[in-house]
Amino acid sequence: MAREGLRYQTFSRRAFLLAGGQGLAMVALGGRLYYLSIVEGEKYKLRAERNRVAIRLIAPERGEILDRANRKLATNRQDFRVFLIPEQADEIAHTLTKIGHIVKLDDRRLSRLQRQIKRQRKFVPVTVAQGLDWKTFARVNVAVPELPGVVTDAGRSRYYPHGHEIAHLVGYTASPNEDDVALNPLYQLPGFKVGRQGLERRYEDRLRGSAGTRRVEVNSVGREIRELPPRQDASAGNDLKLTIDLELQKYVISQLGEEAAGVVAIDIKTGELLAMASAPTYDPNEFTRGISNENWQALLKDPRKPLLNKCVTGQYPPGSTIKPVVALAALEQGIVKPETEYYCNGAHRLGNHTFNCWKPGGHGRQDLLGAIANSCDVYFYKVAQEMDVDHIADMASRFGLGELYDLGIDGERAGLVPDKAWKRAALNEPWHTGETLNVSIGQGAMLATPLQLAVMTARVASGRRIYPTLVSMPGEDEFRAESFGAMDVNPLHMRLARRGMEMVTEVGGTAHDYRRPKSAMKIAGKSGTAQVRRITKEERVDGVIDNADLPWNMRDHALFIAYGPAENPEVAVSVLVQHGGGGSKVAAPIARAVLDKAIEMRIPVEPVTEEEKA
C-alpha cells in the first residue's frame with residue numbers, strides 16, 4: 001500500500017511538472033503572439049501589404065520641341081503597337097514567326113527580341129512592333145485570338161512631322177540600350193523611348209517628364225491581378241523652344257538638293273541660329289519605329305554621310321574665307337596698310353617651293369581691298385611671309401575659330417587653329433614659314449566648321465563678340481544679346497575688312513552676279529575653294545584637271561560666307577558644299593538665296609496659338 005502511494009505521488013509530481021512546462025510554453029507563446037500582433041503588428045501589416053500591393057509606373061508624355069514660331073518639330077501621336085507576354089505564349093519562336101507574316105520583322109529585330117525576352121521576367125510585355133498603320137494593326141487584331149500571349153495597344157509615341165528637315169538638330173528617340181534598362185524603372189515599360197541623338201538626348205531630363213503611379217494587387221510572383229485606388233497621373237515633360245525658323249530651315253534644305261553640304265544662318269543682333277541644315281539628311285521617325293537593317297546599312301554606306309551633321313561635326317579647310325581675318329592680323333601687326341600693294345604674276349617663290357595663285361596668269365598689282373575682292377593668293381603669301389603664324393592664330397581665335405559653342409548637338413568639333421605650340425605638341429617639330437603661307441589662304445593644317453565660319457562672319461559684320469544660341473530660354477535671350485562686347489580689333493580695320501567683303505560681290509569681285517537686278521539687296525561675302533588633293537608640277541604645266549573630270553571625293557570643297565544687308569547687317573550665312581568645286585560658282589548662289597529668304601522673313605512672325613498647334 002505504501003509502495004502504491006509512493007508511485008502515485010511520483011506520477012502527480014511529474015504531471016505537475018509537465019503541466020507547468022506546458023503552461024510556461026503557452027505563456028511564452030501567448031507573449032510572442034502579443035508581441036507580434038500588438039507591439040509589432042503595424043510593421044508586419046505593412047510588410048504583408050507590400051507583398052500584396054505593388055506600385056506600377058505610368059509613363060509621362062514627352063514634351064514637344066518647337067521652332068521660334070511654336071511650330072512643332074517633335075511631338076507625340078497615336079501609335080498602334082503589338083506586345084508579347086512570354087509566359088502566355090505557347091511557343092515564342094512560333095508566335096513571332098506568325099506575327100512576322102503580318103508585320104515585317106528582320107533578323108536583327110528578332111535577335112533583339114529574343115535577348116530581351118531572356119533578360120526580363122516572363123510576365124512583362126515585350127514590344128514586338130510599333131508605328132503600325134491601321135490596316136496592319138487591324139490584321140494583327142484579327143489574328144490575336146489564334147496567338148496566345150499577343151496583345152495589341154493604341155498608345156502614344158514620338159513623331160517628327162518635318163523629319164528630314166530637322167533630323168540633325170532634334171535627333172531622335174529610340175528604345176533604351178540593354179545596359180541602360182537597369183538605370184531607371186521607366187526604361188522597363190513596354191514601348192518606352194529615350195532621347196538617343198541631338199537635342200532629344202541632351203535635354204532628356206527636361207523633355208521626359210515625371211512618371212505617375214498606380215497601385216495594383218499582385219500575386220506571389222508579381223503578376224498583376226487588379227488595380228487599386230488611388231492613381232497618381234504622370235506629369236508631361238516640358239516643351240523645348242528653338243531659335244530655328246522652320247520655314248527658313250526647309251528652304252535651305254530645298255536649296256541643297258542632292259549635295260553633301262552644310263549651311264548655317266545666324267541673327268547678327270541676337271546670335272540666334274535661324275537655320276542649321278546638313279545634307280543629305282535622314283528620317284528620325286525610322287529610328288523611333290525601329291530602323292530596318294537594310295535602311296541602316298544604306299545610311300552607313302552612303303559616301304555623303306547623311307548621319308553626320310556637317311555644320312558642327314564636319315571640319316574643313318576654310319580656304320579663302322579666312323582672308324579678311326588674315327588681313328586684320330596683318331593690319332594690327334603693321335605688316336600692311338590699306339594702300340600697300342603687291343604684284344601678282346600667278347606664283348610666289350619661297351626657297352625651292354613655288355606657291356601658286358588660283359588664277360594662273362596672276363592678278364597684277366593689288367592693294368589690300370583688291371586682294372580680298374579678287375581673292376589674290378599671292379598677295380596673302382607675301383603678307384604671310386612677313387608674319388608670325390601665332391598672330392594669325394590669335395586673330396582667328398578672336399573671331400570664333402577653334403572654339404566649341406556647346407549648343408546641345410552631338411559631335412560638335414573645335415576645328416583647328418594651328419600655331420607653333422600646336423605643332424611642337426602634336427608633331428614635336430618646329431614651325432616653317434611655308435606653313436604660314438598655307439594657313440594665310442585657309443589651307444594647310446587649319447580646319448573650321450560651318451558653324452564657326454558663320455560666327456566669324458557675324459563678328460566681322462557687327463564688330464561684336466557674337467555667340468550662337470539654338471535653344472530659346474525665356475528671360476535670358478535679351479540679356480545674352482546685350483552682353484555681346486565689342487571685338488578687340490581696331491574699328492577702322494574692321495571697316496576695311498567689311499569693305500573688302502562688299503567688293504567681293506560688286507563688279508569685278510569673285511562673286512559678282514551679273515544677273516541680279518540693281519535693286520537687289522546688297523550683301524558682303526567671301527568665297528573659298530579648299531583643295532583636298534595636291535596638284536603636281538606636271539599637272540600645272542599640262543593644265544590643272546577640272547573638278548568635273550575628277551572623282552567626287554577628289555574635288556575641291558566649295559565655301560562662301562556672307563552677311564546682309566551690307567549697310568545694316570542683320571543675318572550672316574556660311575555655306576559649305578563638300579567636294580562641290582568652286583566657292584563662287586557653287587556655294588555663293590546658295591548663300592545669296594538663303595540671305596534673300598532670311599531677310600524677306602524678317603517681318604515678325606506671329607507665334608502659333610495653342611488652338612493652331614492642336
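Worth saying up front: this structure is predicted, and the values here are computed from it rather than measured.

> Can you tell me about the overall build of the protein, naming the residues and giving the values?
Helix and strand content of the protein: 23 helices and 19 strands. Relative to its full complement of 614 residues, the protein shows a buried share of 49%. On the protein, roughly 30,300 Å² of surface is accessible, and the fraction owed to carbon and sulfur atoms is 51%.

> With reference to specific residues and values, describe the state of the cysteines.
Here is the idea: a disulfide is a covalent bond, and it sits between the sulfur atoms of two cysteines. Here the structure, examined in full by the defined rule, presents 0 disulfides. Free of any disulfide, Cys357 has its nearest neighbouring cysteine sulfur in Cys344, separated by 4.0 Å. Looking at the unpaired Cys376, the closest cysteine sulfur is the one in Cys344, lying at 3.6 Å.

> Quick one: what's the story with the environment of Lys585, residue by residue and with numbers?
Take Lys585: it is sitting in helix H22 (residues 583-600). Classification of Lys585 as exposed rests on a relative accessible area of 72%. Residues Lys585 and Ser527 lie 58 residues apart in sequence; the distance between their C-alpha atoms is 9.1 Å.

> Which residues make up the packing of aromatic side chains, and what are the values?
For the structure on display, the rule yields 11 aromatic pairs. Between the aromatic rings of Trp134 and Phe137, the centroid separation amounts to 6.0 Å while the plane-to-plane angle is 45°, which identifies the pairing as tilted. Placement of the pair is Trp134 and Phe137 together in helix H5 (residues 134-143), with a separation of 3 residues, close to one helical turn. Classification of Trp134 by relative accessible area gives exposed; the value is 57%.

> Describe the sheet that holds strand E17 (residues 524-530), and please don't skip the residues or the numbers.
Taken together, the 5 strands give an open sheet; going across it, the order is E12-E11-E19-E18-E17, and neighbouring strands pair in antiparallel fashion. In the strand order of this sheet, the two ends are held by strand E12 (273-279) and E17, each with one partner. Shown here is a sheet whose adjacent strand axes are inclined to one another by a mean of 5°, direction ignored. The pairing of strand E11 (residues 261-267) with strand E19 (residues 571-577) spans 7 bridges and is classified as antiparallel. Note that in E19 the partner of Ala265 across the bridge is Val573. Set on the sheet, helix H9 (residues 246-256) makes contact with E11 and E12; between it and E12 the angle comes to about 30°. Each of E11, E12, strand E18 (557-564) and E19 is contacted by helix H18 (residues 450-462), which is oriented at about 145° to E19, the strand it contacts most.

> Describe the nonpolar core, and please don't skip the residues or the numbers.
In this structure, Leu248, Leu273, Met276, Phe399, Leu451 and Val573 are the most contacted members of the largest nonpolar core, which totals 126 residues. Broken down by element, the residue count for this core peaks at 9 residues, all from H22. Apart from the residues lying within four places of it in its own chain, the contact partners of Met276 are Leu169, Ile244, Gln249, Val263, Val264, Asn309, Cys311, Val312, Leu407, Ile409 and Leu451. Core analysis: the next-biggest nonpolar cluster, separate from the first, contains 20 residues, Ala89, Leu96, Val103 and Ala143 among them.

> Provide a residue-level description of H22, including the pertinent values.
Under the 1.5 Å per step criterion, the end-to-end length of H22 is 24 Å for 18 residues, consistent within 8% with the ideal 26 Å. The buried count for H22 comes to 13 of 18 residues, which makes it a mostly enclosed element.

> Explain the pairing of strand E3 (residues 72-84) to me, and be specific about the residues and the numbers.
With 10 of 13 residues buried, E3 lies mostly within the body of the structure. When strand E2 (residues 65-66) meets E3, the two strands line up antiparallel, connected through 2 bridges. By the bridge assignment, Ile65 is partnered in E3 with Ala74. Between the end of E2 and the start of E3, which pair antiparallel, lie 5 residues, with Asn70 showing a positive phi angle near 70°. Here E3 runs beside strand E5 (residues 150-159); their pairing, made up of 10 bridges, is antiparallel.

> So what's going on with the pairing of E18? Residues and values would help.
Counting buried residues along E18, 8 of its 8 residues qualify, which places the element largely inside the surrounding structure. With burial as the criterion, each face of E18 is covered, one bearing His557, Leu559, Ile561 and Tyr563 and the other bearing Ala558, Phe560, Ala562 and Gly564. Here 7 bridges tie E17 to E18, and the two strands are oriented antiparallel to one another. Paired with Gly528 across the bridge in E18 is Leu559. Looking at chain direction, E18 and E19 are connected through 7 bridges and run antiparallel. Across the sheet, residue Leu559 finds its bridge partner in E19, namely Leu576. Hairpin remark: E18 followed by E19, antiparallel, with 6 residues in the connecting loop.

How each quantity is defined
- Note on numbering: residues in each chain are counted from 1, in written sequence order.
- For a predicted model such as this one, the threshold for reporting local features is a pLDDT of at least 70, and the threshold for listing and counting side-chain atom pairs is 80 or more; totals across whole chains, interfaces and linings nevertheless cover every residue.
- Note: side-chain values were computed over all heavy atoms of the structure, leaving out hydrogens and water.
- Labels follow the DSSP assignment, with helices taken as runs of H or I lasting at least four residues and strands as runs of E lasting at least two, numbered in each case from the N terminus.
- A simple rule labels every residue: compare its accessible area, found with a 1.4 Å probe on the protein chains alone, to the largest value its type can have, and call it buried under 20%, exposed over 50%, or partly exposed in between.
- Computed with the Shrake-Rupley method and a 1.4 Å probe, the accessible areas treat only the protein chains shown as cover for residues.
- In this description, a disulfide is simply a cysteine sulfur pair whose atoms lie within 2.5 Å.
- Between rings of Phe, Tyr and Trp, where Trp is taken as its six-membered ring, a pair exists when centres lie within 6.5 Å; planes separated by under 30 degrees are stacked, by over 60 edge-to-face, and by other angles tilted.
- Criterion used throughout: strands pair if DSSP finds at least two bridges between them.
- In this analysis an axis means a line fitted to C-alpha atoms, helices contributing only their contacting stretch, and an angle means the value between N-to-C directions, from 0 to 180 degrees.
- Should any heavy atoms of two residues lie within 4.5 Å, those residues are considered in contact.
- The set of buried Ala, Val, Leu, Ile, Met, Phe, Trp, Tyr and Cys residues whose side-chain atoms join them within 4.5 Å is what this entry labels a nonpolar core.
- A helix is expected to span 1.5 Å for every residue after the first.

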